[in-house]
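Summary of the model geometry
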Amino acid sequence: MSLLNTVPEMVLTTKVDQLLNWTRKSSLWYMLFGLACCAIEMMQTGGPRSDLDRFGMAPRATPRVSDLMIVAGTLTLKMALRTKVLYEQMPDPKYVLSMGSCSNCGGLFQLAYSVCDGVDKVIPVDVYVPGCPPRPEALTEGLLLLQKKMMQERWLVREPQLRTDAVRA
Amino acid sequence: MSLELEFADGRDVFATEDMVLNMGPQHPSTHGVLRFIIRADGEVMRSAKADVGYLHRSIEKIAEKVGWHGFMPYTDRVDYVAAMTTNQAWAMAAEVLGGVTVPRRGEYCRVIAAELGRICSHLLAAGAMGMDIGAITPFTHAVRERELINDLLEELCGARLTFNYMRIGGVAWDLPPGFGAKVLRFLDHFEPYVDELDDLLSGNKIYIERLANVAVVSRERAIAYNLVGPNLRASGVKYDIRKHLPYSVYPEFDFEVPIGEGRHGSVGDCWDRYIVRLHEMRQSARILRQAIDGLPEGPVIAKVPRNYKPAAGEVHVHVETPRGDQSWYVVADGTEYPYRVHIRTGSFAAMAMIEELSRGLMIADLVALIASFDIVAPEVDR
Amino acid sequence: MNTAAIQQFLHERFGAAVGPVESARLFDYVEVDPSAVEEVALVLRDHPDLAFDCLNNLSGCDRPTRGRIQITYELFSYVHRHAFVMKVGARRDRPEVRTVERVWPAANWLEREIYDLLGVIFLGHSDLRRLLLPDDWVGYPLRKDYVEAPEYHGISTVRESALKLSERR
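A brief report on the enclosed structure follows. Treat the numbers as computed from the prediction; the structure is a model and nothing was measured. (Residues numbered from 1 in each chain as written. Chains lettered and ligands numbered in written order. Predicted model: local features only at pLDDT ≥ 70, side-chain atom pairs only at ≥ 80, totals over all residues. Heavy atoms only, no water.)

1. With respect to the environment of leucine 20 of chain A
Residues and elements named next belong to chain A. Inspection of the secondary structure puts leucine 20 in helix α2 (residues 16-25). Residue class for leucine 20 comes out partly exposed when judged on its relative accessible area of 37%. As for leucine 20 and leucine 156, which are separated by 136 residues in sequence, their C-alpha atoms are 9.8 Å apart. (Helix = DSSP H or I, 4+ residues; strand = E, 2+ residues; numbered from the N terminus. Buried < 20%, exposed > 50% of the residue type's maximum accessible area, 1.4 Å probe, protein only.)

So this is what it looks like as structure tokens:
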């Protein structure tokens, strides 16, 4: 007789890792870090039509209680130093989503003298969302990708630096 | 036992000192990346010094590198909340220098696009104003309505936010079939909604308490600091570029210029600045109806060479954006690149005034003040 | 009043410090000596027939061929609803101009912006600091001979092309 037939129907079996990941991904609190144009689209994404709340995501005002930093907009050199400080204030495990061409690679503003060409020069990035600015649907997809990535993590056998290999050099 | 009024080192136990507080650049209510260094005595500010430039993207320098046509997408990003009007300003500057005349239908398309953008921007301003002083619901309402305009503009030019719709000499595409009817249907829905927002927000007791008589800007100070647009009109100056320095086809439309009346406090307080924007949305709806009614037939863009080279000269162009008179100073030297572009925006002037206004306000009032000026960070920094 | 009448009025009062009416093709302007600009500005603001109560725009433009940094004052009067443009040419090797901050408070930030981006020193300004760029920035980017620095606080300002990056892998 198999084990599955002996337990009642309301019980689900899972791995501890997966349970942990499921709880983490279902309450992904993101820090409001709107820098430029993309911030408006980020606000619209959080608004009633695309409604990020249904993925358990809630905006937070401070990095100290956030899991995710959505870098939405052009990162200037003046701001880049601050971004690093804010990232360091976030508690582990922390994720970064780079939203829009500017924070991916400088985008339109690669010609500028005062813009940092890509947030990945300052902090490690997990997901890049292309677009100028990305539509709310694109941002939502990026966030779902991030959730997918979180589900693949192994916490119980994790080595401290395991996550960083996913970051593009 | 005697009462000790001094510490061991001789300091008075009741002595107080000013507190220095940092607000921003990452702060949920600063509307983009702005930073204030506040010197406060308890809750009352002695002064708030603004530190800007966290979004300085060297747009003026880029203009010198990308040429006349190529600069159009960058103008979207000068003021991303209302990109259409900034598009229009740049197109107008280049047209005046090159002596290009825009076809009438092109001008009408511009007005329709620009007024939709103005409603979009004022909606966000009114919604964010509520949110910043603690009323979340109006914001979600405003964003919901904004999505409808975004859909319209997306149909018009394929983008929701950074449109790149206008061209030197006209607009990129004609209105899609049935667009006018869709705009009218939207207006039928939208005009009652503005009244709803008015009912929900404007008369709310807490809202009035937080905004009336806060940060009053007199007529003289507003002019001296060169406040423009709704901020200036809230102080009682009836001056709108669309009316008093007319451009495009605005003289053909019938609309009013609302000014602050100090209904709940003094003329030029935060509440007045809010209500002027609300009234302007109604006026924009009026202009839209007339523009769609009188839409002429014909081409939408004049023939402009790909290699655009206006003759050497300088020009000042003024356009009424949702944040007021945007003044462009453009220098051409007869080549295919602009020699110098300088943009003086409405937010820049408002931001410069905050230090003077902040004296004696509560820290929480600073948030209301920023929201009432409707400051958009890239407009300050460019 | 039009530009010619204003020029005549100012020329009678200030003599050689106020130049003749010149044309920039689309508008006329008057050149004013850098040291006299504050006195001229005061008259422009306070004389009841002129009443230029608003400094609408203040822009700088680098002209290396003329050895000048040209500063354009665009004035507007809400009383008479008329406009006037005056220009001041600051020497490129020693760019010094009197401030008009005490005449029009709006000039405070506009002058700081010109100092920041073009390096013009406004004599008598109450708070002449960089406005947009960080305090430790080197150079004045809107000058025509500005050379971009290769890095800022260890962040390189050049981004390698993504195409080259994929070739390397």
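Structure's up, so let's keep going.
2. With respect to the sheet that holds strand β2 (residues 35-41) of chain B
Strand pairing in a sheet takes place through backbone hydrogen bonds and is either antiparallel or parallel in direction. Residues and elements named next belong to chain B. Taken in spatial order, the 3 strands line up as β1-β2-β3 in an open sheet, and their pairing is antiparallel. Two strands lie at the open edges of the sheet, namely β1 (19-23) and β3 (44-51), each paired on one side alone. Strand-to-strand twist of the sheet, defined as the mean angle between neighbouring strand axes without regard to direction, takes the value 20°. Taken together, the 5 bridges between β1 and β2 define a ladder with antiparallel strand orientation. (Pairing = 2+ DSSP bridges. Axes fitted to C-alpha atoms, helices over the stretch in contact; angles between N-to-C directions.)

3. Some points on the sheet that holds strand β2 (residues 58-60) of chain A
Residues and elements named next belong to chain A. Here 5 strands make up an open sheet; going across it, the order is β2-β1-β3-β4-β5 and the pairing parallel. Since the sheet does not close on itself, it has two edges, and those belong to β2 and β5 (127-129), each with one partner. Within the sheet, the average angular offset between the axes of one strand and its neighbour, ignoring direction, is 30°. Looking at chain direction, strand β3 (residues 68-72) and strand β4 (residues 95-99) are connected through 5 bridges and run parallel.

4. Structural notes on the interface of chain B and chain A
Accessible area lost upon the coming together of the parts serves often as the stated size of an interface. With 37 residues of chain B in contact, the opposing surface of chain A contributes 33 residues. For the pair chain B and chain A, the two sides together bury roughly 3,100 Å², of which 62% comes from carbon and sulfur. The interface formed by chain B and chain A includes 5 salt bridges. Salt-bridge contacts for aspartate 151 of chain B lead to arginine 49 of chain A; the nearest nitrogen and oxygen are separated by 2.8 Å. (Contact = heavy atoms within 4.5 Å. Buried area = accessible area lost by both parts, 1.4 Å probe. Salt bridge = Lys/Arg side-chain N within 4 Å of Asp/Glu carboxyl O.)

5. Remarks on empty space enclosed by the protein
All names here are of chain A. Scanning the entire structure with this criterion turns up 6 cavities of 30 Å³ or more. Counted as a void, the largest cavity has a volume near 70 Å³. As for the largest cavity, its lining consists of 14 residues, of which Cys37, Cys38, Cys102, Cys132 and Pro133 are closest to the centre. Of all elements in the fold, only α3 (37-46) and α5 (101-105) reach the threshold of two or more residues within the lining of the largest cavity. Here the lining of the largest cavity is composed, by residue class, of 6 nonpolar, 6 polar and 2 charged. (1 Å grid on protein atoms, 1.4 Å probe; cavity = no way out; pocket = protein on both sides within 12 Å on 5 of 7 lines; lining within 4 Å. Points joined across faces, edges and corners; volume = space filled by probe spheres on them. Nonpolar A, V, L, I, M, F, W, Y, C, P; charged D, E, K, R; others polar.)

6. Quick word on the packing of aromatic side chains
Counted under the stated rule, the structure contains 24 aromatic pairs over all chains. A centroid spacing of 6.4 Å and a plane angle of 70° characterise the contact between phenylalanine 71 of chain B and tryptophan 328 of chain B, whose relative ring orientation is edge-to-face. Remark: tryptophan 328 of chain B occurs in strand β7 (residues 324-332) and phenylalanine 71 of chain B occurs in the loop between α1 (59-70) and α2 (72-76); sequence separation between them is 257 residues. The exposure classification of phenylalanine 71 of chain B matches that of tryptophan 328 of chain B, with both residues buried. Residues tyrosine 250 of chain B and phenylalanine 253 of chain B carry aromatic rings whose centres are separated by 6.4 Å and whose planes lie at 80° to one another, so their mutual orientation is edge-to-face. The exposure classification of tyrosine 250 of chain B matches that of phenylalanine 253 of chain B, with both residues buried. Taken together through their ring pairs, the aromatic side chains of Phe109 of chain A together with Trp68, Phe71, Tyr74, Trp90, Tyr308 and Trp328 of chain B make up a single cluster. The ring of tryptophan 173 of chain B is capped by arginine 167 of chain B, whose NZ or CZ atom sits 5.9 Å from the centre of that ring. (Phe/Tyr/Trp six-rings, centres within 6.5 Å; stacked < 30°, edge-to-face > 60°. Lys NZ or Arg CZ within 6 Å of the ring centre and 35° of its normal.)

7. What to know about the pattern of salt bridges
Residue and element names in this part refer to chain B. Per the stated rule, a full pass over the model turns up 56 salt bridges over all chains. In this structure, glutamate 147 and arginine 160 form a salt bridge, with 3.2 Å as the shortest nitrogen-oxygen distance. Placement of glutamate 147 in helix α5 (residues 136-157) and of arginine 160 in the loop between α5 and β4 (166-167) is noted, with a sequence separation of 13 residues between them. Arginine 160 matches glutamate 147 in its accessibility class, with the two residues each being buried. Here glutamate 155 makes a salt bridge to lysine 182, at a shortest N to O gap of 2.8 Å. Taken together, the positions of glutamate 155 in helix α5 and lysine 182 in helix α6 (residues 179-202) put the pair 27 residues apart, joining distant regions of the chain.

8. Here's the deal with the interface of chain B and chain C
Between chain B and chain C, the residue contacts involve 42 residues of the former and 42 residues of the latter. Counting each side, the surface lost to burial between chain B and chain C is near 3,500 Å², with a carbon and sulfur contribution of 54%. On the surface where chain B and chain C come into contact, there are 5 salt bridges. For aspartate 127 of chain C, the salt bridge is made with lysine 49 of chain B, and the minimal N-O distance between the two is 3.8 Å. Where chain B meets chain C, there are 25 residue pairs in polar contact (both at pLDDT 80 or more). Class assignment of the residues belonging to the side of chain B that touches chain C gives a composition of 21 nonpolar, 9 polar and 12 charged. (Polar contact = N/O pair within 3.5 Å; in protein donor to acceptor, adjacent residues only side chain to side chain.)

9. Here we look at unusual backbone geometry
Cis peptide bonds are those with omega within 30 degrees of zero, and the linkage from aspartate 92 of chain A to proline 93 of chain A qualifies with -10°. Looking at the secondary structure, you find proline 93 of chain A in the loop between α4 (77-89) and β4. The omega torsion of the bond from cysteine 132 of chain A to proline 133 of chain A falls at -10°, within 30 degrees of zero and hence cis. Note on placement: proline 133 of chain A falls in the loop between β5 and α6 (136-151). At asparagine 213 of chain B, a position not held by glycine, the phi torsion is positive, near 65°. Inspection of the secondary structure puts asparagine 213 of chain B in the loop between α7 (205-211) and α8 (219-224). Although it is not a glycine, alanine 215 of chain B adopts a positive phi angle of roughly 50°. Mapping alanine 215 of chain B onto the fold places it in the loop between α7 and α8.

All we've got here are geometric facts, nothing functional implied.
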